[in-house]
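Structural features, examined
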Amino acid sequence: MPLLFLLRLQHTLLPVRVALPEEVRIVSVLVATGLIEAEFAPVRPAGRDAASRIATVKRITEEGLAEIAKMSDAPRFVKTSMQFARGLRLM
């Protein structure tokens, strides 16, 4: 999930604020792994379900860009099949 979020960030104009708690957690994981730079700030809760922190993603690091490049170079699933005697196929 964090790598999918990193791919989303690649196509977003930075800096960007993230307020959803599950996305703030993903941002903290990406910061901890050195893939992005972000700042965290507390938020005064307005209600029971309000976020307690927001994150501002500043940039994708060189390591993050390298990880994106690796994901782009990953081979796509290729449908393979084998031809057997008598015309049977395994897919």
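A brief look at the structure comes next. Worth saying up front: this structure is predicted, and the values here are computed from it rather than measured. (Residues numbered from 1 in each chain as written. Predicted model: local features only at pLDDT ≥ 70, side-chain atom pairs only at ≥ 80, totals over all residues. Heavy atoms only, no water.)

Along an α-helix, residues three or four apart share an orientation, since each turn contains 3.6 residues. Taken together, the buried positions of helix H1 (residues 2-10) are Phe5, Leu6 and Leu9. All buried residues of H1 lie within an arc of 105 degrees about the axis, which places them on one face of the element. Residues of H1 that are buried in the fold lie against strand E1 (16-18), helix H2 (21-32), strand E2 (36-42), strand E3 (53-60) and helix H3 (62-73). (Buried < 20%, exposed > 50% of the residue type's maximum accessible area, 1.4 Å probe, protein only. Helix = DSSP H or I, 4+ residues; strand = E, 2+ residues; numbered from the N terminus. Arc of directions from axis to C-beta. Contact = heavy atoms within 4.5 Å.)

This part takes up the pairing of E3. Across a regular strand the side chains alternate sides, sitting on one face of the sheet and then on the other. Judged from the three bridges that link them, E1 and E3 form a sheet pairing that is antiparallel. Looking at E3, one finds that Arg17 is bridged to Thr56. Summarising the sheet, E2 and E3 pair through seven bridges and their orientation is antiparallel. Counterpart to Ile36 in the pairing with E3 is Ile60. (Pairing = 2+ DSSP bridges.)

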